[in-house]
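The lines below spell out each chain.
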Amino acid sequence: MESDGVKPLKGRTIINGYHFDVQFTRFELECIDHLRKLIKTYPLLLIRMDDNFLARFLNWSNWNVDKAFEKLLTFYTFRKENAKYTPFGPLSDYENFIKSNCLVMLDQRDRNGRRVYICRIARYLMARSIYEVSHLDDMWFEVVLDEPETQKNGVSVIMDVKGMPLSLLKWLTPKHSSVMTRKADVAPLAIYYHVVNSSGLMKVIMPVIFQFMSPETRERVFFHYDNWPSLHKFIEPEKLPSEYGGTRELNYENLRRLLYDREDFLLEYMTHGFVDPEPDNWNHQLDQLCDSR
């Protein structure tokens, strides 16, 4: 990892083998404790309960406990209802697609402190299915969500649509489009999209995608085409590879270590969520929550 990249966070808290300098205020600790108590009223929801994990939902909600709890339930309900789109196997099952560098999290942050993530749409076809794309996407985001700075600032996604083939339209079904788009809405994270190298085909696709986006997510989509100075207003060129007008040489093998070093953590993450095999039961449980408010 380069010296001017994202630094490992050293501190008093150890989470899944990683060190974080997480120092919560008295108010924040009270919020975390309150959220933890609310979660315990859902015995069929099995998730991590450490402070930093719960903080990802509270940071998203600006430390509004009720809003954070609602977000948490929405997130895990979405995962339950769309289980095919969530990862469920070791990284070896995704090795070929990982090495395609279709999706990769950089060890850099943009001008607003957001992690930088590259998504090369044309390489989606190197995946076995849209589900594999969704799985790897989830894993990349999960391995950075324990970073306090990422929780607070979010992630900037470079959506590179250069060379996107017409054959990719086979995956643009209403179901796939809805789930893949709504993932950004249900995640406890602010995600900003920077679309580059867009073509005429995107004029056909974007209206389809936009109809599934919330107004908040649509406001975070920026089109730069191949105007690199426009992109550089958000992400400095020294943090980007030459294909995006930058000067940085990426070492993909080193970048992929972020995934492989945390594989045990990812395998644990895959087991989290609602565990009741009878969906009617936990749906009723959620209905009761809504009725009580």
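Residues numbered from 1 in each chain as written. Predicted model: local features only at pLDDT ≥ 70, side-chain atom pairs only at ≥ 80, totals over all residues. Heavy atoms only, no water.

Chemist: I would appreciate a short explanation of the nonpolar core in the present structure.
Modeler: Membership of the largest hydrophobic core comes to 83 residues, with the highest contact counts inside it found for L45, Y76, L103, Y124, W140, V157 and L259. Ranked by residues supplied to this core, first place goes to helix 3 (residues 65–81) with eight residues. Discounting residues that sit within four places of it in the chain, W140 has contacts with L103, V104, M105, Y117, L255, R256, L258 and L259. (Core = buried A, V, L, I, M, F, W, Y, C linked by side-chain atoms within 4.5 Å. Buried < 20%, exposed > 50% of the residue type's maximum accessible area, 1.4 Å probe, protein only. Helix = DSSP H or I, 4+ residues; strand = E, 2+ residues; numbered from the N terminus. Contact = heavy atoms within 4.5 Å.)

Chemist: Would you mind showing me how to read the confidence of the model for the protein here?
Modeler: Do not read the predicted coordinates in detail wherever pLDDT is low. This prediction gives the protein a mean pLDDT of 87; 86% of its residues lie at or above 70. Model confidence for the protein, summarised as mean pLDDT per element, is weakest for helix 13 (residues 279–291) at 45 and strongest for helix 10 (residues 228–232) at 98. Contacts of residues 281–293 to residues separated by more than four positions or lying in other chains number 20 contacts, the stretch itself having pLDDT below 50. (pLDDT = per-residue confidence, 0-100.)

Chemist: Hey, could you run me through the packing of aromatic side chains in this one?
Modeler: The way to describe two aromatic rings as a pair is by their centre distance and the angle between their planes. Under the criterion given, the structure shown has ten aromatic pairs. Ring plane angle 65 degrees and centroid distance 6.3 Å describe the contact between F57 and F75, whose orientation is recorded as edge-to-face. One end of the pair, F57, is in helix 2 (residues 51–60); the other, F75, is in helix 3, and 18 residues separate them in sequence. Using a relative accessible area of 1% as the deciding quantity, one classes F57 as buried. Here F222 and F234 contribute two aromatic rings whose centre-to-centre distance is 4.9 Å and whose plane-to-plane angle is 40 degrees, an arrangement assigned as tilted. Pair noted here: F222 is in strand 8 (residues 221–225) and F234 is in the loop between helix 10 and helix 11 (252–260), with a separation of twelve residues, a long-range link. Members of the aromatic cluster, joined through ring pairs, are F53, F57, F75 and Y76. The ring of F265 has R262 sitting right over it, with the charged end atom 4.2 Å from the ring centre. (Phe/Tyr/Trp six-rings, centres within 6.5 Å; stacked < 30°, edge-to-face > 60°. Lys NZ or Arg CZ within 6 Å of the ring centre and 35° of its normal.)

Chemist: Any chance you could explain the side chain of Q108 here in plain terms?
Modeler: For Q108, the position within the fold is in strand 4 (residues 103–109). Looking at Q108, its side chain comes within polar contact range of the side chain of D107, at 3.3 Å. (Polar contact = N/O pair within 3.5 Å; in protein donor to acceptor, adjacent residues only side chain to side chain.)

Chemist: Would you take a moment to explain the pattern of salt bridges for this structure?
Modeler: Pairing is possible between side chains of opposite charge, provided their charged atoms come close. The tally for this structure, following the rule as stated, stands at 19 salt bridges. A salt bridge links E149 to R109, with the nearest nitrogen and oxygen atoms 3.3 Å apart. Taken together, the positions of E149 in helix 6 (residues 148–153) and R109 in strand 4 put the pair 40 residues apart, joining distant regions of the chain. Judged by its relative accessible area of 34%, E149 is partly exposed. Under the relative-accessibility criterion, R109 is labelled buried at 9%. Across the salt bridge formed by D110 and R114, the nearest N and O atoms sit 3.8 Å from each other. For D110, a relative accessible area of 4% puts it in the buried group. Taking relative accessible area as the criterion, R114 reaches 11% and is therefore assigned buried. Within the structure, one salt-bridge network assembled from shared partners comprises R48, D50, R56, E142, D146 and R262. (Salt bridge = Lys/Arg side-chain N within 4 Å of Asp/Glu carboxyl O.)

Chemist: So what exactly am I meant to see when it comes to the sheet that holds strand 4 here?
Modeler: Sheet strands pair by backbone hydrogen bonding; their relative direction is either parallel or antiparallel. Strand order across the open sheet formed by five strands is 4-5-6-7-8, with mixed pairing between neighbours. Single-partner strands in this sheet number two, and they are strand 4 and strand 8. In this sheet, adjacent strand axes meet at a mean angle of 25 degrees when their direction is disregarded. Sheet topology note: the strand 5 (residues 115–120)/strand 6 (residues 155–160) ladder contains six bridges and is parallel. Directly across from R120, in strand 6, lies its bridge partner D160. Sheet strands in contact with helix 5 (residues 130–142) are strand 4, strand 5, strand 6 and strand 7 (191–196), and its direction is about 20 degrees off that of strand 4. (Pairing = 2+ DSSP bridges. Axes fitted to C-alpha atoms, helices over the stretch in contact; angles between N-to-C directions.)

Chemist: Sorry if this is basic, but what is going on with the packing of helix 3 against helix 7 (residues 174–186) here?
Modeler: A pair of packed helices is captured by two measures, namely the crossing angle of their axes and the spacing between those axes. Between helix 3 and helix 7, the shortest axis-to-axis distance is 10 Å and the interhelical angle comes to 160 degrees. Accordingly, the angle class assigned to the pair helix 3 and helix 7 is roughly antiparallel. Of the two elements, helix 3 crosses helix 7, and the hand of that crossing is left-handed. Residues K71, T74, F75 and F78 of helix 3 pack against V179, R182, K183, D185 and V186 of helix 7. Residues of the contact of helix 3 with helix 7, tallied by class, amount to four nonpolar, one polar and four charged. (Parallel < 35°, antiparallel > 145°, perpendicular 65-115°, else oblique. Left-handed = near helix turned anticlockwise from the far one by under 90°. Nonpolar A, V, L, I, M, F, W, Y, C, P; charged D, E, K, R; others polar.)

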